[in-house]
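Report on the structure
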Amino acid sequence: VNEPRTHRPGYEFLDGLTEEEDTFRGEVADWLRTHLVGEYASARGIGGPADESMWELRKAWEKELARHNLRGMAVPVEYGGRGLSLRMQLIFAFEYAASNAPYRPSSASEDLFAQTLLVYGTEEQKHRFIPDILSSNCYWAQGFSEPDAGSDMASVKTQAYLDGDEWVVEGQKVWTTFAQFCDWIYVLCRTDPEAPKHKGLTILMMPLDQPGIELRPIRTMAGNADFNEVFFSEARTKVDLTLGPVSSGWGVAMTLLSIERGTSLFSYQLMFERELRAVIDSASSVGNAESGELRERLIRSWSELRLLGFFNQRILTTLARDGSVGPESSIGKLLASTWHQRLGNLAVDAAGLNAALVQTDYELPAAQKLFLLSRAETIYGGSQEIQKNLVAERILGLPR
Ligand SMILES: Cc1cc2nc3c(=O)[nH]c(=O)nc-3n(C[C@H](O)[C@H](O)[C@H](O)COP(=O)(O)OP(=O)(O)OC[C@H]3O[C@@H](n4cnc5c(N)ncnc54)[C@H](O)[C@@H]3O)c2cc1C
């Protein structure tokens, strides 16, 4: 717990920086220090994968990053990105996290969708969409889950059929994060009802702003309305907006979900470092840091976070070596989501009675918000039980 405040999480894993890397690190750090000021400073640490707070301000911040070419670190230059090495991408992520800059609203579009588009998109699709994602002009929602198809995603019923050069889509999606702020949605549709359930699926890219699509935001117990029901009634999209070959939708969706579980881990871990620090400060400021039980939980939490860091390092090593991560990404998802939920419990206990207060307009104290929002983490991107099944079957070789 007495880790010096100057400690820079993450860098211990890079084993020293080259001159070029250190120059880049300095430039990013300086830029963030001089630009994360004024109105933007009020959004420090705000937002998250399930938190839409200050969306418009964070979107303006994204544009600021884009104007200074500080986006698309992992995207090749020909599509408007920086095409940097994995180490440089990490340096950017470390400095970004250390500055406590706002959670990037574009991360689902840039880190998940654009990366999937790079694998499965046609050249025309990549050139059409990726530069717009990187300049923060185009946000994408994920239309996979349905009321009866969550963990069992291959059971989706939303149907698409061809009408001339257009797909016509009928059905419903649910838990569609931030769709109310998005311009486009990629939708997992059943295009061949006769084929076995994993084989008759196709991903279609659809503009959200059209008469055949209706959104209904869902308000959660944290007070946010971060996700939506999406209804498709004769909604349309052009046939050249199919992502990957027809009937390949299951493979495309699996690629995207493994990116969601694997490579985004590191930036979460850095966010966790900051949150744990805030919980330690909160326990100290209300006098709860004297409690032996709480001290033990804080120490345990800190130690487990170090272990999570080492695990993430192994994931990154695999990624650098093989270009992708296998079923091990499920272990990372399990470790990170359950650790974060325990931190949520700890945050509430550390803050004591302060955590129980709710301001007017349902404004929650930080500890309570952390507690409530972390509940979702063992659900999205594949639930905890599904990750355990994957570890059991694919890593331990246990029978189904
Ligand atoms: C914050 C948040 C954001 C989300 N954003 C999106 C989004 O943008 N787009 C999108 O498409 N979806 C999104 N989802 C949906 C998410 O992918 C699903 O909630 C998740 O896949 C689980 O599906 P379900 O909710 O239907 O639960 P179910 O699949 O009905 O599961 C219910 C319970 O049964 C367990 N279970 C199910 N099957 C098994 C099994 N085979 N073995 C053991 N246990 C099992 C589950 O673990 C769970 O505890 C989001 C969810 C959350 C919480």
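Not measured: the values here are computed from a predicted model.

Conventions and cut-offs
- Residues numbered from 1 in each chain as written.
- Predicted model: local features only at pLDDT ≥ 70, side-chain atom pairs only at ≥ 80, totals over all residues.
- Heavy atoms only, no water.
- Near = heavy atom within 4 Å.
- Polar contact = N/O pair within 3.5 Å; in protein donor to acceptor, adjacent residues only side chain to side chain.
- Areas by Shrake-Rupley, 256 points an atom, 1.4 Å probe, with all protein chains shown as cover.
- Nonpolar A, V, L, I, M, F, W, Y, C, P; charged D, E, K, R; others polar.
- pLDDT = per-residue confidence, 0-100.
- Contact = heavy atoms within 4.5 Å.
- Patch = residues over 30% accessible without salt bridge, like charges linked within 9 Å, V, L, I, M, F, W, Y side chains within 5 Å.
- Salt bridge = Lys/Arg side-chain N within 4 Å of Asp/Glu carboxyl O.
- Helix = DSSP H or I, 4+ residues; strand = E, 2+ residues; numbered from the N terminus.
- Buried < 20%, exposed > 50% of the residue type's maximum accessible area, 1.4 Å probe, protein only.
- Axes fitted to C-alpha atoms, helices over the stretch in contact; angles between N-to-C directions.
- Parallel < 35°, antiparallel > 145°, perpendicular 65-115°, else oblique.
- Left-handed = near helix turned anticlockwise from the far one by under 90°.
- Expected span 1.5 Å × (residues − 1).
- Arc of directions from axis to C-beta.
- Pairing = 2+ DSSP bridges.
- Phe/Tyr/Trp six-rings, centres within 6.5 Å; stacked < 30°, edge-to-face > 60°.
- Lys NZ or Arg CZ within 6 Å of the ring centre and 35° of its normal.
- Core = buried A, V, L, I, M, F, W, Y, C linked by side-chain atoms within 4.5 Å.
- Disulfide = S-S within 2.5 Å.

Looking now at the site of the ligand. The ligand sits among 17 residues. The nearest are S151, W175, T177, S383 and E385. Take S151: an N or O atom from its side chain is 2.6 Å from an oxygen atom of the ligand. Against a free-state accessible area of 970 Å², the protein chains account for coverage of 65% of the ligand. Across the shell around the ligand, the residue classes tally to eight nonpolar, eight polar and one charged.

Attention shifts here to the confidence of the model for the protein. Predicted coordinates in areas of low pLDDT are best not read in detail. When pLDDT is averaged across the protein, the result is 91; 95% of the residues are at 70 or more. In the model, residues 1-6 has pLDDT below 50 throughout and makes eight contacts with residues more than four positions away in sequence or in other chains.

Attention now goes to a nonpolar patch on the surface. A contiguous nonpolar patch, built from I395, L396 and L398 and spanning about 270 Å² of accessible area, is present on the exposed surface. By the element assignment, I395 lies in helix α11 (residues 384-395). Residue classification places I395 among the partly exposed residues on the basis of a relative accessible area of 33%.

It is at 10 Å that the axes of helix α4 (residues 107-120) and helix α5 (residues 123-134) come closest, and there the two elements cross at 165°. Between α4 and α5, the angle is such that the two are roughly antiparallel. Both α4 and α5 take part in a crossing whose hand is left-handed. Only Q125, K126, F129, I130, I133 and L134 of α5 make contact with α4, whose side of the interface consists of S109, E110, F113, A114, L117 and L118. Broken down by class, the residue content of the contact of α4 with α5 amounts to eight nonpolar, two polar and two charged.

The next subject is α5. In this model, α5 (12 residues) spans 16 Å end to end at C-alpha, consistent with the 16 Å of a helix rising 1.5 Å per residue. Residues Q125, K126, F129, I130, I133 and L134 constitute the buried set of α5. An end-on view of α5 places all buried positions within 125° of arc, on one side of the element. Against α2 (55-67), α4, β1 (140-143), β4 (184-190), β5 (201-207) and β8 (242-243) lie the buried residues of α5. Downstream of α5 by one or two residues, S136 has phi in the positive range, about 65°.

Judged by how many residues are buried, β4 sits mostly within the fold: seven of seven residues are covered. The alternating pattern of β4 places W184, Y186, L188 and R190 and I185, V187 and C189 on opposite faces, both of which are buried. The pairing of β1 with β4 spans four bridges and is classified as parallel. Each residue of the ladder has a partner; that of A141, found in β4, is I185.

Along the polypeptide, S383 turns up in the loop between α10 (366-374) and α11. Overall, the relative accessible area of 12% leaves S383 in the buried class. Apart from residues no more than four positions distant in its own chain, S383 is found in contact with S151 and T378.

Turning our attention to the packing of aromatic side chains. In total, this model carries 15 aromatic pairs according to the counting rule given. When the centroid spacing of 4.9 Å and the interplanar angle of 55° are considered together, the rings of W55 and F178 count as tilted. With W55 in helix α2 and F178 in the loop between β3 (166-177) and β4, this pair connects stretches of sequence that are 123 residues apart. Take W55 and F178: they sit in the same class, and that class is buried. Centroid distance F178 to F181: 6.4 Å. Interplanar angle 50°. Geometry classified as tilted. Judged by relative accessible area, which is 23%, F181 ranks as partly exposed. Among the aromatic residues, those joined into a ring-pair cluster are F113, F129, W140, F144, W184 and Y186. The cationic tip of R375 hangs over the ring face of F371; the distance from NZ or CZ to the ring centre is 4.1 Å.

Moving on, we get to the nonpolar core. Core analysis: the biggest nonpolar cluster contains 30 residues, and F113, I130, W140, F144, I203 and M205 have the highest contact counts within it. Secondary structure elements with two or more residues in this core: α4, α5, β4, β5 and α6 (249-261). Once residues lying within four places of it in the same chain are set aside, the contact partners of I203 are F144, Y186, V187, L188, L241, T242, L243, G249, V252 and A253. V28, M73, A101 and L319 belong to the second largest nonpolar core, which has 29 residues in total.

This paragraph deals with the pattern of salt bridges. Within the structure shown, the criterion is met by 26 salt bridges. With a closest N to O distance of 2.5 Å, E62 and R71 form a salt bridge. Assessed through its relative accessible area of 0%, E62 is described here as buried. Judged by its relative accessible area of 3%, R71 falls in the buried class. Two residues, D148 and K157, come together in a salt bridge whose shortest N-O distance is 3.9 Å.

One can find G287 in the loop between α7 (265-285) and α8 (292-322). Counting along the chain gives 65 residues from G287 to G352, while the straight-line C-alpha distance between them is 9.4 Å.

Now for the state of the cysteines. Inspection of every chain in the model, using the stated rule, returns zero disulfides. The structure places no disulfide on C138, whose sulfur is separated from the nearest cysteine sulfur, that of C182, by 8.7 Å. Take C138: its relative accessible area is 5%, and that puts it in the buried class. Look at C182 and you get buried, because its relative accessible area is 12%.

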